[in-house]
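# Notes for the structure review
Residue strings, one per chain:
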Amino acid sequence: MSHSEPPVTDAPLVTAKNLSLEIGGRTLLHDISLELRARQIVTVIGPNGAGKTTLLRLLLGLSRPTAGSIHRRPGLRLGYMPQRMQVDASMPMSVARFLQLGQPGITRAEADTALARVRAQKLRNASLADLSGGEMQRVLLARAASRKPELMVLDEPTQGVDVSGQGEVYQLIAALRDELGCGVLLVSHDLHMVMAATDQVLCINQHICCHGHPEQVSRDPAYLELFGDKLAPYSHQHNHAHDLSGDVLEDHSRCNHDHSRREPGHE
Ligand SMILES: Nc1ncnc2c1ncn2[C@@H]1O[C@H](COP(=O)(O)OP(=O)(O)OP(=O)(O)O)[C@@H](O)[C@H]1O
């Protein structure tokens, strides 16, 4: 082993103890503790306004808690995918240039490797402003992974991605975890995907409602109280049918899709 390599250690990448955050007399987060290790995929879920992004920002050191402590492994390399990215269409920029922007030391070849990791090589010369929602998410994922992070923090990585593409994004995240050996902390609203594709789930609503393995969390009364109505099998009756252009058909028998099946997109 060369002297420049960090020692192999199983120490947590991030440890947060009893975090609270109050702003303007309002409690945004209360008494949150968590630990994240290499190769673990931990997902934070919770309703809108629960404090998920606020928690990520504390863990990343972008803001400070009013109580509690955060310990990041010294020298920890982070890759961050923010929830939103505003692109100014009046400032044309290629995807390859974007990957290098603000990341000193990233070479053109490394940017290409990052795109290859998310199977988006063909986008390297595309203009950022022209990308579809799903393509943009891939590019943001490539950017988060480009410096070979030890911890990737992904805020709603499937935002703007259609249901069929969501599974692929989660596969890419798992493949990045395997290739880079990094820990992954993500925020997600895709409950079915989270339960299928992550190691640990932290369900918050200002405080921790429940946490643990997905299977354990999915049976927790606190989880069912928050999300129970979103988990009911999708089932409804049509008294009419549509053709492919959406027009109502006279002959009902031509509506041949299965509405009794549980669909991830029908939450
Ligand atoms: N700097 C701030 N000052 C005051 N209030 C804030 C600040 N940052 C966030 N908030 C508030 O904290 C609450 C939690 O916001 P946050 O973005 O963390 O929620 P979230 O769980 O990520 O929501 P969503 O699922 O809608 O993205 C919101 O009500 C938000 O308005």
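Residues numbered from 1 in each chain as written. Predicted model: local features only at pLDDT ≥ 70, side-chain atom pairs only at ≥ 80, totals over all residues. Heavy atoms only, no water.

## Considering the confidence of the model for the chain
- Per-residue pLDDT for the chain has a mean of 81; in total, 81% of the residues score no lower than 70.
- Low confidence marks residues 242-248, where pLDDT is under 50. Its contacts with residues over four positions away, or in another chain, come to seven contacts. (pLDDT = per-residue confidence, 0-100. Contact = heavy atoms within 4.5 Å.)

## Details of the layout of surface pockets
- Quantified by volume, the second largest pocket comes out at close to 200 Å³.
- Taken together, Leu78, Gly79, Tyr80, Met81, Pro82, Met85, Phe98, Gln103, Leu140, Arg143, Ala144 and Arg147 make up the full set of residues lining the second largest pocket.
- Counting residues per element, the lining of the second largest pocket draws most heavily on strand S5 (residues 78-81), which supplies four residues.
- A class-by-class count of the residues in the lining of the second largest pocket yields eight nonpolar, two polar and two charged. (1 Å grid on protein atoms, 1.4 Å probe; cavity = no way out; pocket = protein on both sides within 12 Å on 5 of 7 lines; lining within 4 Å. Points joined across faces, edges and corners; volume = space filled by probe spheres on them. Helix = DSSP H or I, 4+ residues; strand = E, 2+ residues; numbered from the N terminus. Nonpolar A, V, L, I, M, F, W, Y, C, P; charged D, E, K, R; others polar.)

## Looking at the packing of helix H4 (residues 133-145) against helix H5 (residues 163-180)
- At a closest axis distance of 12 Å, the pairing of H4 and H5 adopts a crossing angle of 15°. Taken together, the axes of H4 and H5 are roughly parallel relative to one another. For the element pair H4 and H5, the recorded crossing hand is right-handed. Residues Arg138, Leu141 and Ala145 of H4 touch H5, and the partners they reach there are Glu168, Leu172, Ile173, Leu176 and Leu180.
- By residue class, the composition of the contact of H4 with H5 is six nonpolar, no polar and two charged. (Axes fitted to C-alpha atoms, helices over the stretch in contact; angles between N-to-C directions. Parallel < 35°, antiparallel > 145°, perpendicular 65-115°, else oblique. Left-handed = near helix turned anticlockwise from the far one by under 90°.)

## Here's the deal with the pairing of strand S1 (residues 14-23)
- Of the pairings in the sheet, the one linking S1 to strand S2 (residues 26-36) comprises seven bridges and is antiparallel in character. Its bridge partner being in S2, leucine 21 is matched across the sheet by leucine 29.
- Connecting S1 to the next strand, S2, in antiparallel fashion are two residues, including glycine 24 with a positive phi near 55°.
- Bridging between S1 and strand S4 (residues 67-72) involves five bridges; their strand directions are antiparallel. Residue pairing for S4: valine 14 is matched across the bridge by arginine 72. (Pairing = 2+ DSSP bridges.)

## Overview of the site of the ligand
- Among the 14 residues in the neighbourhood of the ligand, the closest are listed as Arg26, Asn48, Gly49, Lys52 and Thr54.
- A distance of 2.9 Å separates an oxygen atom of the ligand from a polar atom in the backbone of glycine 49.
- Between alanine 50 and the ligand, the recorded distance is 3.1 Å, taken from a backbone N or O atom to an oxygen atom.
- Isolated, the ligand exposes 640 Å² of accessible area, and the fraction of that covered by the protein chains is 62%.
- Sorting the residues of the shell around the ligand by element identifies S2 and helix H1 (52-60) as the ones contributing at least two each.
- When residues of the shell around the ligand are assigned to their parent elements, the largest contribution, three residues, is made by H1.
- Partitioning the shell around the ligand into residue classes produces four nonpolar, seven polar and three charged. (Near = heavy atom within 4 Å. Polar contact = N/O pair within 3.5 Å; in protein donor to acceptor, adjacent residues only side chain to side chain. Areas by Shrake-Rupley, 256 points an atom, 1.4 Å probe, with all protein chains shown as cover.)

## As for the environment of methionine 91
- Looking at the secondary structure, you find methionine 91 in the loop between S5 and helix H2 (95-100).
- Residue classification places methionine 91 among the exposed residues on the basis of a relative accessible area of 53%.
- Taking C-alpha positions, methionine 91 is 9.6 Å from serine 127, a pair spaced 36 residues apart along the chain. (Buried < 20%, exposed > 50% of the residue type's maximum accessible area, 1.4 Å probe, protein only.)

## As for the packing of aromatic side chains
- Under the counting rule described, the total for this entry stands at one aromatic pair.
- Consider the rings of tyrosine 223 and phenylalanine 227, whose centres lie 5.3 Å apart with planes at 50°: the pair is tilted. Linking tyrosine 223 with phenylalanine 227, this pair stays in helix H8 (residues 221-231), spanning four residues, or about one helical turn. The same class applies to tyrosine 223 as to phenylalanine 227, namely buried.
- The ring of phenylalanine 98 carries the charged tip of arginine 143 above its face, separated from the ring centre by 4.7 Å. (Phe/Tyr/Trp six-rings, centres within 6.5 Å; stacked < 30°, edge-to-face > 60°. Lys NZ or Arg CZ within 6 Å of the ring centre and 35° of its normal.)

## With respect to the sheet that holds strand S7 (residues 183-187)
- Reading across the sheet, the six strands line up as S5-S6-S7-S3-S8-S9 and stay open at both edges, with mixed pairing between neighbours. Looking at which strands have only one partner, the edges of the open sheet turn out to be S5 and strand S9 (207-212). Recorded for the sheet is a direction-independent mean angle of 15° between the axes of neighbouring strands.
- Here strand S3 (residues 41-45) pairs with S7 via four bridges, running parallel. In the strand pairing of S7, valine 44 is matched with valine 187.
- Against the sheet, H1 contacts S3, S5, strand S6 (151-155), S7 and strand S8 (200-205), and its axis sits at roughly 155° relative to S6.
- Contacts from H4 reach S5 and S6, with the element oriented near 165° to S5.

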